[in-house]
Amino acid sequence: MADTESNHVRITFWSDPFEVRDVLHKLQTQWSGWGTDEELTQKAEQVVAEVLNNVVEHAHREDPEGEIILTCVRGKSEPTLKFEIRDDGIPMPGLQLPSGKLAEFGPDTADLPEGGFGWFMIRELTQNLDYQRAGDWNVLRFTVAA
Amino acid sequence: MNLEHQTKGDATLITVNEPRIDAAIAIQFKDKVREVTQDGPPRVVLDMSQVDFLDSSGLGALVAVMKQLSPDRSFELAGLTGAVEKVFRLTRMDSVFKVHSSVKDAVAQTCDDT
């Protein structure tokens, strides 16, 4: 794995759903090497998958030449994983993160939402979620705690 | 996309032989399930016991399948693994799908019903 140090890992890759799978696998390997708690890695994998899917689909609009740089730092003493995910895609609309509200649904199956789950889960499972536009890059930072 | 399907009593049992239902395969998954449930018994049971990861794209695909089968046929899930079950709980979709604790339970119910 490229650029691995004892307390952090950085992975650079192209915008593609199969690359996303590969990166999640690399992260699991790294977390396993760190001995990170399984409940924490499960949450982190879910969040990172949702964030990366959104980058591939929306920021890069499925352009395979889009670049993504992911950094993961493990907490020194506390059971946390801190992330920074940068992409050179289009900015978030209004330079703001989606609210991540789950659509209300009633008993009627026909009214069920088929989307909107991603940002909802990201907001539910992270702390200190922060988005900035820096030059040509989207920079998303967040922490996942056990 | 590796799915197996067979008829068990009043249900079509679909076994997902994939470890992940994610953005990489969600559309294929949805199309394939639609294909194998074009016609058949009133219940469709999806065996998820080999699936250890489900993202929002995969969840959206499951909801889409259920909407397509309803109201005439039911779409039920069986064998949710730990991480997948958490996704259902978190998004409150566990209140929407009929979830069996195991494939055996889902199939046993089939036998009871017939």
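Basis of the calculations
- Residues numbered from 1 in each chain as written.
- Chains lettered and ligands numbered in written order.
- Predicted model: local features only at pLDDT ≥ 70, side-chain atom pairs only at ≥ 80, totals over all residues.
- Heavy atoms only, no water.
- Patch = residues over 30% accessible without salt bridge, like charges linked within 9 Å, V, L, I, M, F, W, Y side chains within 5 Å.
- Areas by Shrake-Rupley, 256 points an atom, 1.4 Å probe, with all protein chains shown as cover.
- Salt bridge = Lys/Arg side-chain N within 4 Å of Asp/Glu carboxyl O.
- Lys, Arg positive; Asp, Glu negative; His and termini not counted.
- Charge placed at Lys NZ, Arg CZ, Asp CG, Glu CD.
- Helix = DSSP H or I, 4+ residues; strand = E, 2+ residues; numbered from the N terminus.
- Buried < 20%, exposed > 50% of the residue type's maximum accessible area, 1.4 Å probe, protein only.
- Pairing = 2+ DSSP bridges.
- Axes fitted to C-alpha atoms, helices over the stretch in contact; angles between N-to-C directions.
- Parallel < 35°, antiparallel > 145°, perpendicular 65-115°, else oblique.
- Left-handed = near helix turned anticlockwise from the far one by under 90°.
- Contact = heavy atoms within 4.5 Å.
- Nonpolar A, V, L, I, M, F, W, Y, C, P; charged D, E, K, R; others polar.
- Polar contact = N/O pair within 3.5 Å; in protein donor to acceptor, adjacent residues only side chain to side chain.

Chemist: What am I meant to see in a negative patch on the surface here?
Modeler: Residues D63, E65, D88 and D136 of chain A make up a contiguous surface patch of negative charge. Along the chain, D88 of chain A turns up in the loop between β3 (80-87) and α3 (117-125).

Chemist: When you look at the pairing of strand β2 (residues 11-16) of chain B in this model, what are you seeing that I'm missing?
Modeler: All names here are of chain B. Burial runs high along β2: six of the six residues are buried. Covered by surrounding structure in β2 are A11, L13 and T15 together with T12, I14 and V16, the residues of both alternating faces. Two strands pair when backbone bridges link them, and strand β1 (residues 3-8) and β2 are joined in this way by six bridges, in the antiparallel orientation. Among the inter-strand pairings, E4 is bridged to a residue of β2, identified as T15. Judged from the five bridges that link them, β2 and strand β4 (residues 43-47) form a sheet pairing that is parallel.

Chemist: Explain the packing of helix α1 (residues 26-36) of chain B against helix α2 (residues 56-69) of chain B here, please?
Modeler: If you want to describe how two helices pack, look at the angle between their axes and the distance between the axes. Residue and element names in this part refer to chain B. Remark: α1 packs on α2, axes separated minimally by 9 Å, with the N-to-C direction vectors making an angle of 20°. The angle between α1 and α2 falls in the class roughly parallel. Where α1 crosses over α2, the two elements pack in a sense that is right-handed. Judged by residue contacts, A26, F29, K30, V33 and R34 of α1 engage S57, G58, A61, L62, A64, V65 and Q68 from α2. In terms of residue class, the contact of α1 with α2 is made up of seven nonpolar, three polar and two charged.

Chemist: What exactly am I supposed to notice about the sheet that holds β1 of chain B here?
Modeler: Backbone-to-backbone hydrogen bonds join strands into a sheet, with any given pair of strands oriented parallel or antiparallel. All names here are of chain B. If you trace the five strands from one edge of the open sheet to the other, you get β1-β2-β4-β6-β7, paired in mixed fashion. Each having just a single partner strand, β1 and β7 (98-100) make up the two edges of the open sheet. Strand-to-strand twist across the sheet, computed as the mean angle between neighbouring axes with direction ignored, equals 25°.

Chemist: I'm lost on the side chain of D47 of chain B in this one. Help?
Modeler: Residues and elements named next belong to chain B. Summarising the element assignment, D47 is placed in strand β4. A distance of 2.6 Å separates a polar atom in the side chain of D47 from a polar atom in the side chain of S49. Ignoring sequence-local partners within four residues, the contact set of D47 consists of L13, I14, T15, V16, A78 and V103.

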